[in-house]
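# A look at the structure
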Amino acid sequence: MKLALPGRLRPPLSRLRLPRLRPPRLRTVVDLSLWGVVAAVVFFTFRHRLLHSPGQVLDNDDGIYWQTALAVADGHKPYSEVFHAQPPLFAWLLAQPFHWHADDLAAGELAGRWLMVGFALLLVVAVAGIAATVRGPRAGMLAALGVAAVPLIQLFSYQFGADVPTAALGGMALLCALRARICSRRWARWWWLGAGAMLALAVLVKLMAIVFVPPLLVAWLVSRPLHRPGTEQAQSPWRQDNPRRWRAAALAWLRRTAAAGAWLGLGFAATVAGVLVWLSPPKQAWDQVFGFHVAAAEHRPAPDLVGFVTSGGPYAMPLLVATGVAALVAVCWPAGVVRRTGVVALVLWAGAVVPFEYLHHPTFKHHLPMFMGAWAAVLAVAVASLWSGLRLRRLGAVTAAVVLAGAWACVWQARNREIGPYPTPTAVEACVRRLPHDLRVVTDDQEMISRAGLRTVPWLADTSHVRLDSGRLSDAEVIAAAKAADAVFLSTGRLKKRPDAVTWIREHYPVLYRSGKYELYVRDRELVAWCVGKVGAPAQVLFEPKPQVPAPTAPGAGADGAGT
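Structure report, in brief.

Calculation rules
- Residues numbered from 1 in each chain as written.
- Predicted model: local features only at pLDDT ≥ 70, side-chain atom pairs only at ≥ 80, totals over all residues.
- Heavy atoms only, no water.
- Salt bridge = Lys/Arg side-chain N within 4 Å of Asp/Glu carboxyl O.
- Helix = DSSP H or I, 4+ residues; strand = E, 2+ residues; numbered from the N terminus.
- Buried < 20%, exposed > 50% of the residue type's maximum accessible area, 1.4 Å probe, protein only.
- Disulfide = S-S within 2.5 Å.
- Pairing = 2+ DSSP bridges.
- Patch = residues over 30% accessible without salt bridge, like charges linked within 9 Å, V, L, I, M, F, W, Y side chains within 5 Å.
- Areas by Shrake-Rupley, 256 points an atom, 1.4 Å probe, with all protein chains shown as cover.
- Core = buried A, V, L, I, M, F, W, Y, C linked by side-chain atoms within 4.5 Å.
- Contact = heavy atoms within 4.5 Å.
- Phe/Tyr/Trp six-rings, centres within 6.5 Å; stacked < 30°, edge-to-face > 60°.
- Arc of directions from axis to C-beta.

### Here's the deal with the pattern of salt bridges
If you walk through the whole model with that rule in mind, you get 13 salt bridges. Ionic pairing is found between D163 and K206, a salt bridge with its closest N-O pair at 2.9 Å. Here D163 is found in helix α7 (residues 163-180), whereas its partner K206 is found in the loop between α8 (185-205) and α9 (213-221), with 43 residues between them in sequence. For D163, a relative accessible area of 5% translates into the label buried. Accessibility expressed as a relative area gives 4% for K206, which makes it buried. Between R433 and E429 there is a salt bridge, with its nearest N and O atoms 3.3 Å apart.

### A word on the state of the cysteines
If you walk through the whole model with that rule in mind, you get one disulfide. Each sulfur in the disulfide pair C431 and C531 lies 1.9 Å from the other. With the S-S bond torsion at 70°, the cross-link from C431 to C531 turns out right-handed. One end of the pair, C431, is in helix α18 (residues 427-433); the other, C531, is in the loop between β5 (518-522) and β6 (534-536), with 100 residues separating them in the sequence. Each of the two residues, C431 as well as C531, counts as buried.

### Quick word on the sheet that holds β6
Pairing in this open sheet of six strands is mixed, and the strands run β2-β1-β3-β5-β4-β6 from one edge to the other. The outermost strands of the open sheet, each flanked by one partner alone, are β2 (455-456) and β6. By the bridge criterion, three bridges tie strand β4 (residues 511-515) to β6 in an arrangement that is antiparallel. Across the sheet, the residue bridging to R514 is K534, located in β6.

### Concerning a nonpolar patch on the surface
On the surface, I210, V213, L217, L221, V222, L251, W253 and L254 cluster together to form a nonpolar patch covering roughly 670 Å² of accessible area. Within the secondary structure, V222 is located in the loop between α9 and α10 (243-279). What makes V222 partly exposed here is its relative accessible area of 34%.

### Looking at the nonpolar core
Membership of the largest hydrophobic core comes to 112 residues, with the highest contact counts inside it found for F46, L346, W349, F371, M372 and W375. Ignoring anything within four residues of it in the chain, the contact list for F46 reads V117, A120, L121, V124, A148, I153, Q154 and S157. Counting 21 residues, the second-largest nonpolar core is a separate cluster that includes A482, L495, V502 and L512.

### Examining the packing of aromatic side chains
With the rule as written, the count across this model stands at twelve aromatic pairs. Ring centres of W190 and W263 lie 6.2 Å apart, and the angle between their planes is 40°; this geometry places the pair in the tilted category. Placement of W190 in helix α8 and of W263 in helix α10 is noted, with a sequence separation of 73 residues between them. Classification of W263 by relative accessible area gives partly exposed; the value is 27%. Ring geometry for F308 and F356: centres 6.1 Å apart, planes at 35°, overall tilted. Here F308, found in helix α12 (residues 305-310), pairs with F356, found in helix α15 (residues 353-359); they are 48 residues apart in sequence, far enough to count as distant. Judged by its relative accessible area of 4%, F308 is buried. Look at F356 and you get buried, because its relative accessible area is 7%. Joined through ring pairs, the aromatic side chains of W66, F98 and F160 make up one cluster.

### Examining the pairing of strand β3 (residues 487-490)
Burial of β3 is two-sided: the residues A487 and F489 facing one way and the residues V488 and L490 facing the other way are all buried. As paired strands, strand β1 (residues 440-443) and β3 are joined by three bridges and run parallel to one another. Looking at β3, one finds that T443 is bridged to F489. The pairing of β3 with β5 spans four bridges and is classified as antiparallel. Within β5, the residue paired with L490 across the bridge is E519.

### Digging into α9
Think of an α-helix as 3.6 residues a turn; residues three or four steps apart then line up on the same face. Listed in full, the buried residues belonging to α9 are P215, L216, V218 and A219. For α9, the arc enclosing every buried residue in end-on projection is 155°, short of the 170-degree limit, so these residues lie on one face.

### Let's talk about the environment of A162
Tracing the backbone shows A162 in the loop between α6 (151-156) and α7. Taking the relative accessible area as the measure of exposure, A162 reaches 0% and is therefore buried. C-alpha separation for the pair A162 and D62, spaced 100 residues apart in sequence, amounts to 9.7 Å. When residues no more than four places from it in sequence are discounted, the contact partners of A162 are Y65, F90, V205 and K206.

See the structure below:
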């Protein structure tokens, strides 16, 4: 017999619905831990390359941007006093470390290279964020490790150049656009505003950021709202037979796309206007930024995609082929509209290397990092897609093990593999390093002059082949710069494309130091008296007596002229 207790009746225990106190999911803890490991590995990789590869042979653009930043930090105006064929933002950013460390050139250089490492890390964040958005966090981790493991990205992660910053900012623009497609309407406008701002910053760093326009168009035009599953709105209106639903869906897409485009355009226009008002570039900027590249494109050789890709190293072409196969896998893998569209946008970024080679002139090795980050992301998305198709009981644990193995491989590669050759020490560089640091130099080797702590004449901070071949550097300009300079250093042979200027230099500079292909013209012999090589007047040093050819003897005559 059961006794009924007084008071309110209580339901049986089987009907109670008590809230469960759920601890943090194990997978969330594991993912956060793995993200921490990946972030530490990526930072270690770029930091190790910066601190342990300072003497490697660097790209020619490194010296040009270095001298441009020094000239801007000294107060010279870009475009009017310093020739600069790119938009104004990057030159101003790179000049700030040298301006803050005006009394210590080495500290300014180190701060500037840390700035470049910051852009490389931003590129990793963008690529990992895109991969995680379209295929999950494990794909993002693999993409981050893949970008950090690419040798060419490691090489340019600390070199002065606008390509890695452009790729980082353009990648962030694409990431913001993809995030806008999966968030609520309240937050979507801010993501679109950020996408426009990031795209504007990328364009203001380098005009090649237009390669991000097709992926952004895909993310913009294919956007659609995400409704709660199970509701009437969750059913696609395009599957209904009612024409009214078709028209309503079309109008909703039009309003949504117009609103997204408005916020995207607002962010782009506001950022461009703000930067241009802040930097106030002169009228010459239009000619140097746009007219210069139009003139350079007129001398277009035959496109060579294979040569362009293989210039990045022996691994570049296999990486591109693997990316093409991975793109097919990633696009064809079953997924929703949101994720599939994100994969298509990522593939468009990776595949932009093909039209870029055919439409842009000239192309160099330092352009490849613009696309290699997307190659790594496509590979990571394809691997994550195939991995998710495996029916393993411990799939999460195995995936974590793969990520940790990739992190270890990335660290090992950074510590044990070289990414570029080291220059052979020469007597010429030792001679240049001994010159007083207050000398102004006209040169075609900005890298060696920069390492020596010297400065070029501001207008000749850029003496690249592109500028010379496009006719934007005349003999008169070189002669005018040589008149105002204290020394002239010819190394690469680029300035010898202006023979009248070289003739004037040899006639008006009294002292020449020559060693092999290097020629250093100075006004005071004491500056190069101790250098190893030929030192003297240019006419004496450059004079090379012709070898004496013995006169031919008569047929049948011996050494003494008599018959045999």
